[in-house]
Amino acid sequence: MGWDDAPSHVCRGGDKRALAFCCPPIKPCPILYALEDAGLTPEEYIAIKEEFAKRTRLGEGEGTCFGSLVWCCKPSKPCPFRDMVMKRINMTIDEYMELKKELAKKLVGRAETIDKKDIKALAEAFNVPVDDAREALIQAKNDLRTAMKILRMKTLEQG
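Throughout, a residue's number is its position along its own chain's written sequence, starting from 1. Local features in a predicted model are, by the rule used here, given only for residues with pLDDT of at least 70; side-chain atom pairs are given and counted only at 80 or more, and totals for whole chains, interfaces and linings are based on all residues. Neither water nor hydrogens contribute to the side-chain values; these are computed over all heavy atoms in the structure.

Once that is clear, we can look at the side chain of Ser 68. Working definition: helices are DSSP H or I runs of at least four residues, strands are E runs of at least two. Numbering for both runs from the N terminus. In this structure, Ser 68 sits in the loop between helix H2 (42–55) and helix H3 (80–88). Think of a polar contact as two N or O atoms within 3.5 Å of one another; within protein, one of them needs to be a possible hydrogen donor and the other a possible acceptor, and neighboring residues in sequence only count if both atoms come from side chains. Here the side chain of Ser 68 touches Leu 58 through a polar contact of 2.8 Å, landing on its backbone oxygen. Note on definitions: a residue-residue contact is assigned when non-hydrogen atoms from the two residues lie within 4.5 Å. In this view, Ser 68 contacts Ala 53, Leu 58, Gly 59, Glu 60 and Gly 61; residues no more than four positions away in its chain are not counted.

Here it is, written out as structure tokens:
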């Protein structure tokens, strides 16, 4: 199971749900924009992740960069430290991703609202009806980048 529609990392253009895979905001990087988008301060973000770590197995992780799996990235990004800890505590990738998905919900909320400005911008950019733009965003789970790819493919198919 895991998390089938997990976003790309924030530093790779992923949506705010990818905050579940970010480290602490200790340097200027795209995490600051994702935090703003999620309506979180860096302090709130750290507190939510630390609390989540206390009550789940993501709190384990001695030997990782920040001492806890709660700060680790997606399994698609190679990391011997994360993988070593997961093996040591007998955690599967599916369990890891389920916990990260639950963490993402804590960080950004359960209900993603579709922004009307995004719908309008997509409709105008791809010269499609608003309903088509809305449907693309829904299909893309509110990930603007993915919605653009969907609309681009539809445009190519219609030739």
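Attention shifts here to the packing of aromatic side chains. How two aromatic rings sit relative to each other is given by the distance of their centres and the angle of their planes. The aromatic pairing rule takes the rings of Phe, Tyr and Trp, using the six-membered ring of Trp, and pairs them if the centres are within 6.5 Å, calling planes under 30 degrees apart stacked, those over 60 edge-to-face and the rest tilted. Counting across every chain of the model gives two aromatic pairs. Centroid distance Trp 3 to Phe 21: 5.5 Å. Interplanar angle 25 degrees. Geometry classified as stacked. On the criterion of sequence distance, the pair formed by Trp 3 in the segment before helix H1 (31–38) and Phe 21 in the segment before H1 is long-range, its members being 18 residues apart. When the centroid spacing of 5.8 Å and the interplanar angle of 65 degrees are considered together, the rings of Tyr 45 and Trp 71 count as edge-to-face. On the criterion of sequence distance, the pair formed by Tyr 45 in helix H2 and Trp 71 in the loop between H2 and H3 is long-range, its members being 26 residues apart. The residues Tyr 45 and Trp 71 share a single accessibility class, namely buried. Throughout, exposure labels follow a simple rule: accessible area from a 1.4 Å probe, protein chains only, divided by the maximum for the residue type, with under 20% read as buried, over 50% as exposed, and the rest as partly exposed.

Moving on, we come to the pattern of salt bridges. Any Lys or Arg side-chain nitrogen found within 4 Å of a carboxyl oxygen on Asp or Glu counts as a salt bridge. In the structure shown here, the tally under the stated rule is seven salt bridges. A salt bridge links Glu 124 to Lys 120, with the nearest nitrogen and oxygen atoms 3.9 Å apart. In this pair, Glu 124 and Lys 120 both sit in helix H5 (residues 116–126), four residues apart, roughly one turn of the helix. Of the charged contacts, one joins Asp 131 and Arg 134 as a salt bridge, the two residues approaching to 2.9 Å between their closest N and O atoms. On the criterion of helical spacing, the pair formed by Asp 131 and Arg 134 is a turn pair, its members being three residues apart in helix H6 (residues 130–139). Assessed through its relative accessible area of 35%, Arg 134 is described here as partly exposed.

Remember that the coordinates give geometry; whether it matters functionally is a separate question.
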